[in-house]
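Structural features, examined
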Amino acid sequence: MKKIEAVIKPFKLDEVKEALQELGVQGMTVIEAKGYGRQKGQTELYRGAEYVVDFLPKIKIEVVVADDQLDRALEAIAGAARTGRIGDGKIFVSEIIDIMRIRTGETGPAAI
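These figures come from a predicted structure and were not determined experimentally.

Here we take up the confidence of the model for the chain. With 89% of its residues at a pLDDT of 70 or more, the chain shows a mean pLDDT of 90. Per-element mean pLDDT across the chain ranges from 61 in strand β3 (residues 42–46) up to 98 in strand β1 (residues 2–8).

By the secondary structure assignment, Glu5 is in strand β1. Judged by its relative accessible area of 15%, Glu5 falls in the buried class. Along the backbone, Glu5 and Val63 are 58 residues apart, and their C-alpha atoms lie at a distance of 6.7 Å. If we skip the residues at most four places from it in the chain, Glu5 touches Lys60, Ile61, Glu62, Lys90, Ile91, Phe92 and Ser94. Of the polar contacts made by the side chain of Glu5, one reaches the side chain of Lys60; its length is 2.8 Å.

Moving on: the packing of helix α1 (residues 13–23) against helix α2 (residues 70–81). Where α1 meets α2, the closest approach of the two axes is 8 Å, and the angle between their N-to-C directions is 155°. Judged on the interaxial angle alone, α2 and α1 are roughly antiparallel. The crossing of α1 and α2 is right-handed. Across the interface between the two elements, Glu15, Val16, Ala19, Leu20 and Leu23 from α1 touch Arg72, Ala73, Ala76, Ile77, Ala80 and Ala81 from α2. Classifying every residue of the contact of α1 with α2 by side-chain character gives nine nonpolar, no polar and two charged.

It is possible for side chains of opposite charge to pair when their charged atoms get near one another. Taken as a whole and assessed by the stated rule, the structure comprises eight salt bridges. When the shortest N-O distance is used, the salt bridge between Lys2 and Glu95 registers 2.6 Å. One end of the pair, Lys2, is in strand β1; the other, Glu95, is in strand β6 (residues 89–95), and 93 residues separate them in sequence. By relative accessible area, Glu95 is classed as exposed at 52%. Close ionic contact of Arg101 with Glu106 constitutes a salt bridge, the shortest N to O distance being 2.9 Å. Residue class for Arg101 comes out partly exposed when judged on its relative accessible area of 27%. If you follow the salt bridges from partner to partner, you end up with Lys3, Glu5, Lys60 and Glu62 in one network.

Now for the layout of surface pockets. Reported here for the second largest pocket is a volume of approximately 230 Å³. If you trace the second largest pocket, you find 13 residues lining it, with Gln26, Gly27, Met28, Val64 and Ile112 closest to the centre. Its residues assigned to classes, the lining of the second largest pocket shows seven nonpolar, three polar and three charged.

Thresholds applied
Residues numbered from 1 in each chain as written. Predicted model: local features only at pLDDT ≥ 70, side-chain atom pairs only at ≥ 80, totals over all residues. Heavy atoms only, no water. pLDDT = per-residue confidence, 0-100. Helix = DSSP H or I, 4+ residues; strand = E, 2+ residues; numbered from the N terminus. Buried < 20%, exposed > 50% of the residue type's maximum accessible area, 1.4 Å probe, protein only. Contact = heavy atoms within 4.5 Å. Polar contact = N/O pair within 3.5 Å; in protein donor to acceptor, adjacent residues only side chain to side chain. Axes fitted to C-alpha atoms, helices over the stretch in contact; angles between N-to-C directions. Parallel < 35°, antiparallel > 145°, perpendicular 65-115°, else oblique. Left-handed = near helix turned anticlockwise from the far one by under 90°. Nonpolar A, V, L, I, M, F, W, Y, C, P; charged D, E, K, R; others polar. Salt bridge = Lys/Arg side-chain N within 4 Å of Asp/Glu carboxyl O. 1 Å grid on protein atoms, 1.4 Å probe; cavity = no way out; pocket = protein on both sides within 12 Å on 5 of 7 lines; lining within 4 Å. Points joined across faces, edges and corners; volume = space filled by probe spheres on them.

Below, the structure is given as C-alpha cells:
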C-alpha cells in the first residue's frame, strides 16, 4: 500500500478528485495549506504599495492506494493538476505499513 500526498493549486481540486474517482480510488483527505516552492512566493500590488506574499494558498490531498493502483493514480493526479505554469505542485509517495478501519477493525488492504 502507498500513501500519495499531492500539493496542488486550489482551483484544480475538483479535476483531481474526479480523475481519482474515475480510477475507483475511494476516500481522500483534503487539507487547506499555504506554502511556496522554487517560485518563493509572489509580489502583489495593493493600494499602490508592493508587498511580497511568501506563502501561497495550496491544497494538500492525501490518498492511500493499493500498490497496483499507484502508477495510474500518479498519472491521474499529475494530469489533472498540471497547468504548465510555475507552482503546479508536488506529489510525494510513502510506503504504508498497515491500516486499520476504526469502525470494523479491518486491517491491511481491506481497510482502504
